[in-house]
Amino acid sequence: SSKTDWRVRAISATNLHLRTKHIYVSSEDISEDGLTYVLPKNVLAKFITVADLRTQIAGYLYGVTPPDNDQVREVRCVVLVPQV
C-alpha cells in the first residue's frame, strides 16, 4: 500500500452515505419458506456509513419477532463491536 492510499479510502468513505439512497431488494430474492429480516432504513444507513470499502465490518443484530408471524424478524439495533 502506498503513502497516498489513505486519501483514496477517505474520499471513498465520505461518499458511502450516497449509496444508502439507492438500495433495492427485488422480490425474486425473497423466499416464502425462509426467515425475513426487516431492517429499518436509518439503521441500515448508519451501518453503511460507518463501513469502509476495503474492510469488512461486523455487528450483532438485535430485534423482535412479531407475535402474529414467526417467520419475520424485526431488527431494532445493530451493535458494533471493536473491529480488529
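This report concerns the structure included in the present document.

1. Overview of the overall build of the protein
Counting its regular elements, the protein contains 3 helices and 3 strands. In the protein, the succession of helices and strands from N to C terminus is α-α-β-α-β-β. In terms of overall size, the protein is more extended than a compact globule, its C-alpha atoms giving a radius of gyration of 16 Å where 84 residues would be expected to give roughly 12 Å. With respect to the three principal axes, the spread of C-alpha positions in the protein is 55 × 30 × 20 Å. Sorting the 84 residues of the protein into buried and exposed places 13% on the buried side. Here the analysis covers contacts within the protein between residues at least 6 apart in sequence; of these, 53% occur between residues at least 24 apart. Accessible surface, the protein as shown: approximately 7200 Å² in total, 56% of it carbon and sulfur. Where the 10 positive side-chain charges of the protein centre and where its 9 negative ones centre are 19 Å apart.

2. Points about a nonpolar patch on the surface
Together, Tyr60, Tyr62, Val79 and Val81 make up a nonpolar patch on the protein surface, roughly 370 Å² of accessible area in all. Tracing the chain through its elements places tyrosine 60 in strand β2 (residues 59-64).

3. Examining the sheet that holds strand β3 (residues 72-80)
Ordered in space as β1-β3-β2, the 3 strands form an open sheet in which the pairing is mixed. Among the strands making up the open sheet, the edge pair consists of β1 (36-38) and β2. Strand-to-strand twist in this sheet, taken as the mean axis angle between neighbours without regard to direction, amounts to 45 degrees. The pairing of β2 with β3 spans 6 bridges and is classified as antiparallel. Each bridged residue has a counterpart across the sheet, and for valine 64 the counterpart in β3 is glutamate 74.

4. Things to note about the pairing of β3
Two elements, β1 and β3, share 3 bridges in a ladder whose sense is parallel. Within β3, the residue paired with threonine 36 across the bridge is valine 72.

5. Brief notes about the pattern of salt bridges
Between side chains of opposite charge, pairing is possible as soon as their charged atoms come close. A full pass over the atoms with the stated rule returns 1 salt bridge. For the salt bridge of arginine 76 with glutamate 74, the shortest nitrogen-to-oxygen distance reads 3.3 Å.

6. Re helix α3 (residues 41-49)
Two residues of an α-helix separated by three or four positions point the same way, owing to the 3.6 residues in each turn. Every buried residue belonging to α3 is among Val43, Ala45 and Ile48, and all of these are buried. Looking at the buried positions of α3, the neighbouring elements they touch are α2 (16-19) and β3.

How each quantity is defined
- Residues numbered from 1 in each chain as written.
- Predicted model: local features only at pLDDT ≥ 70, side-chain atom pairs only at ≥ 80, totals over all residues.
- Heavy atoms only, no water.
- Helix = DSSP H or I, 4+ residues; strand = E, 2+ residues; numbered from the N terminus.
- Rg over C-alpha atoms; globule rule 2.2 N^0.38 Å.
- Buried < 20%, exposed > 50% of the residue type's maximum accessible area, 1.4 Å probe, protein only.
- Contact = heavy atoms within 4.5 Å.
- Areas by Shrake-Rupley, 256 points an atom, 1.4 Å probe, with all protein chains shown as cover.
- Lys, Arg positive; Asp, Glu negative; His and termini not counted.
- Charge placed at Lys NZ, Arg CZ, Asp CG, Glu CD.
- Patch = residues over 30% accessible without salt bridge, like charges linked within 9 Å, V, L, I, M, F, W, Y side chains within 5 Å.
- Salt bridge = Lys/Arg side-chain N within 4 Å of Asp/Glu carboxyl O.
- Pairing = 2+ DSSP bridges.
- Axes fitted to C-alpha atoms, helices over the stretch in contact; angles between N-to-C directions.

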